[in-house]
Amino acid sequence: MFDRLKFDKKNEEEKKRQLISLQKRLAEALKAHEQIREVPIFTAPSEQEIKEFEAITIPEEGRNAVEVEEELVKYVFTKQALLQHPRFFSFVASAVSPYSLAGAMLTDIYNSNAGSFSLSPCAGLIEEKLCTWMASYAGYPEENSGGIFMSGGSLSTLSAIIAARTNKLDEFDIPKGVAYLSDQAHSSVRKALRMLGFRKDQIVILRSDDDFKMDVEDLERAIQKDLKEGRIPFLVIGTLGTTNTGTIDPLSEIGDIAKKYNLWFHVDGAYGGSSLISPIYRNLSKGIEKSDSLTWDSHKWLMQTYSCSTLLVKDKQTLVDAFVEHPEYLEDVSSTDHIDGWDKGPEMSRPQRAIKLWFTVQATGTHLLEEMIEYSFYNAKMVQRELERRENWEIISKPSCGTINFRYAPKDFSPEQLNELNLDITKKLNENGYAYIVTTTLKEMKTIRMCMINANSTAEDILNTIELLDQIAKELTEEKRKMS
Ligand SMILES: Cc1ncc(COP(=O)(O)O)c(C=O)c1O
């Protein structure tokens, strides 16, 4: 590997030593991955270590690579949050499959360019087959559906909005276009609209209902008002699995409204898209087949390493219409009977993001993935049951996908005191290091949010975490009572 670097002035002996050390390091990293349970969830670098690392500069002459490797292990890889830890219940993070790891490492080593189908035809087929497979869960007809693998949900949704704008708005009408989303839509949706130059008044944020779902009557009223004022409603974005609560918007009703008013309907399933794999829970997304596009991140719930998101569309031509360019320098490597990656998305050079998912799906089979998804739903319900049998715990959002929100609410505390208490409970839990949980805010209440989508979390992990939360909550309540 190192001998390819012909400008590297190190001698052959040194290069060999580096290669041996790197191989050893990879084996150690894989072992650490297998033994993740035995290391703390989050080890931050000390102030001293940060100072030491800050002192490292970019050298003019190359350094000993083994030393660099050692530094990376000491300061970077062992001093960070391990999102794939079975008791990391924050964010939307799952376990990483060893097959994804193997696929990712091989992909990186071979480093082929997924821009053009013809540069790596079978990798191109892998991407196409996976898109067809995923699109079938959304009920998109096979003949026309398509998609592209992207870095993450944010970029997938940005690209979907570009397709929607191209498809629904004449260029000169863009300043009149209006997009609709709920206040529970992910921040990346608002960010994408802003990045595309839509003004604030072109982005209508609808208040979600008591169950954190988009209110379809409000949606229709807003569309009618905008039409009356001479604006052009062109896009509605529903969510399959909101970040805060795992809620699934009423996709079927939104789809009907989108059809009635000729809007593009995008579903942000970055998180919940994977629930479509389960024959039991697929039903919760009834009507998803009415959508035009779907974001689905496998680096969230399908055990993939970053970055692995898929943008799926009902009609693959809509992506081509939005993104195709024909520069003269790509003519020789452009495909005629397949759509090249660079013609259906914003990137030109792009890594093969689909191979690791292919490796995983081939090695596990879909039945195991179904069980894995259903296990998350089950675990979120387990948390609910466990909290309901304890005193002072309130469920603020019922389990949906793998997420549940709750808070500790002794009757004699004011709303402000409750917010402070619940924040302190999670801080103390995280200091303890057994599990990692963050809060969010729902209806002005600080809530403890647990996202249970790690296939390696056991009942013991979950029940011990609740027990610990309960102990901390009782202790802090007593302390705060004494202080007031
Ligand atoms: C519902 C939803 N959409 C979009 C995103 C953004 O995805 P990414 O971080 O992969 O860009 C997230 C991230 O958590 C999400 O939960």
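Residues numbered from 1 in each chain as written. Predicted model: local features only at pLDDT ≥ 70, side-chain atom pairs only at ≥ 80, totals over all residues. Heavy atoms only, no water.

Student: Looking at this model, I keep getting lost on the overall build of the protein chain. Mind explaining?
Tutor: What the protein chain contains, in helices and strands, is 15 helices and 11 strands. For 484 residues, the compact-globule estimate of 2.2 N^0.38 gives 23 Å, and the protein chain sits close to it at 25 Å. In terms of its C-alpha atoms, the protein chain occupies a principal-axis envelope of roughly 75 × 60 × 45 Å. In the protein chain, buried positions account for 51% of the 484 residues. Sequence separation of at least 24 residues holds for 74% of the intrachain contacts in the protein chain that already meet a minimum separation of 6. In the structure as shown, the protein chain presents an accessible area of about 24,000 Å², 53% of it carried by carbon and sulfur atoms. Both charge centroids of the protein chain, one from 59 positive and one from 74 negative side chains, sit 3 Å from each other. (Helix = DSSP H or I, 4+ residues; strand = E, 2+ residues; numbered from the N terminus. Rg over C-alpha atoms; globule rule 2.2 N^0.38 Å. Buried < 20%, exposed > 50% of the residue type's maximum accessible area, 1.4 Å probe, protein only. Contact = heavy atoms within 4.5 Å. Areas by Shrake-Rupley, 256 points an atom, 1.4 Å probe, with all protein chains shown as cover. Lys, Arg positive; Asp, Glu negative; His and termini not counted. Charge placed at Lys NZ, Arg CZ, Asp CG, Glu CD.)

Student: Sorry if this is basic, but what is going on with the site of the ligand here?
Tutor: Around the ligand, the neighbouring residues are Gly152, Gly153, Ser154, His186, Ser188, Gly241, Thr243, Asp268, Ala270, Asp297, His299 and Lys300. A distance of 2.5 Å separates an oxygen atom of the ligand from a polar atom in the side chain of Ser154. In this structure, Asp297 approaches the ligand through a side-chain N or O atom, which is 3.1 Å from an oxygen atom. Considering the ligand on its own, with 390 Å² of exposed area, one finds that the protein chains cover 82% of that surface. Residues of the shell around the ligand, tallied by class, amount to one nonpolar, eight polar and three charged. (Near = heavy atom within 4 Å. Polar contact = N/O pair within 3.5 Å; in protein donor to acceptor, adjacent residues only side chain to side chain. Nonpolar A, V, L, I, M, F, W, Y, C, P; charged D, E, K, R; others polar.)

Student: Is there a simple way to think about the packing of aromatic side chains in this case?
Tutor: Within the structure shown, the criterion is met by 13 aromatic pairs. When the centroid spacing of 5.7 Å and the interplanar angle of 65 degrees are considered together, the rings of Phe88 and Phe91 count as edge-to-face. The buried category is assigned to Phe88, whose relative accessible area is 2%. With a centroid separation of 4.8 Å and 65 degrees between ring planes, the pair formed by Trp393 and Tyr408 is classed as edge-to-face. Of the two residues, Trp393 is situated in strand S8 (residues 393-400) and Tyr408 in strand S9 (residues 403-408); the sequence distance between them amounts to 15 residues. On the basis of relative accessible area, Tyr408 is assigned to the buried category, the value being 3%. Among the aromatic residues, those joined into a cluster by ring pairs are Phe42, Phe88, Phe91 and Tyr436. (Phe/Tyr/Trp six-rings, centres within 6.5 Å; stacked < 30°, edge-to-face > 60°.)

Student: Sorry, what's going on with the pairing of strand S10 (residues 438-442) here?
Tutor: The two faces of a sheet get side chains in turn, since along a regular strand they alternate between them. In terms of strand pairing, S10 meets strand S11 (residues 445-451) through five bridges, oriented antiparallel. Looking across to S11, one finds that Thr439 is bridged to Ile448. The hairpin formed by S10 and S11 contains two residues between the paired strands, and Lys443 there has a positive phi angle of roughly 50 degrees. (Pairing = 2+ DSSP bridges.)

Student: Sorry if this is basic, but what is going on with the sheet that holds strand S3 (residues 203-206) here?
Tutor: Strand order in the open sheet formed by seven strands is S1-S7-S6-S5-S4-S2-S3, with mixed pairing between adjacent strands. Edge strands, defined here as strands with exactly one partner in the open sheet, are strand S1 (146-150) and S3. For this sheet, the mean inter-axis angle between neighbouring strands, taken without regard to orientation, is 20 degrees. Two elements, strand S5 (residues 264-269) and strand S6 (residues 293-297), share four bridges in a ladder whose sense is parallel. Counted as the bridge partner of Gly269 is Trp296 from S6. In the packing of helix H9 (residues 251-260) onto the sheet, the strands contacted are strand S4 (232-239) and S5, and the crossing angle to S5 comes to about 155 degrees. (Axes fitted to C-alpha atoms, helices over the stretch in contact; angles between N-to-C directions.)

Student: So what exactly am I meant to see when it comes to the side chain of His33 here?
Tutor: By the element assignment, His33 lies in helix H1 (residues 12-34). Setting aside anything within four residues of it in sequence, one finds His33 in contact with Gln84, Val96 and Leu101.

Student: Which parts of the structure should I look at to understand the sheet that holds S8?
Tutor: Strand pairing in a sheet relies on backbone hydrogen bonds. The paired strands run either parallel or antiparallel. Strand order in the open sheet formed by four strands is S8-S9-S11-S10, with antiparallel pairing between adjacent strands. Across the chains shown, the open sheet's two edge strands, defined by having one partner strand only, are S8 and S10. Taking the axes of each pair of neighbouring strands and ignoring which way they run, one obtains an average angle of 35 degrees across the sheet. In this fold helix H13 (residues 366-388) packs onto S8, S9 and S11, with an angle of close to 165 degrees to the strand it touches most, S8. Along the sheet, helix H15 (residues 459-483) contacts S8, S9 and S11; its crossing angle with S9, the most-contacted strand, is approximately 25 degrees.

Student: Sorry, what's going on with unusual backbone geometry here?
Tutor: Peptide bonds are trans in most cases, and residues, glycine excluded, mostly fall at negative phi. A cis geometry characterises the amide bond from Tyr306 onward to Ser307, with omega recorded as -5 degrees. Summarising the element assignment, Ser307 is placed in the loop between helix H10 (298-301) and strand S7 (309-313). Positive phi, close to 50 degrees, is recorded for Cys401, a residue that is not glycine. As for its position among the elements, Cys401 is in the loop between S8 and S9. Taking relative accessible area as the criterion, Cys401 reaches 1% and is therefore assigned buried.

Student: Can you help me understand the domain arrangement of the protein chain in this one?
Tutor: Interface extent is often summarised as the accessible area lost during association of the parts. Taken domain by domain, the protein chain holds domain 1 (2-82), domain 2 (113-356) and domain 3 (367-483). Between the C-alpha centres of domain 1 and domain 2 there is a distance of 38 Å. (Domains from an automatic or database assignment.)

Student: Where do I start with the pairing of S6 in this structure?
Tutor: Summarising burial for S6: five of the five residues are buried, a large majority. Of the two faces of S6, both are covered, the one formed by Ser293, Thr295 and Asp297 as well as the one formed by Leu294 and Trp296. Across five bridges, the pairing between S6 and S7 is antiparallel. Bridge pairing in S7 links Leu294 to Leu312.

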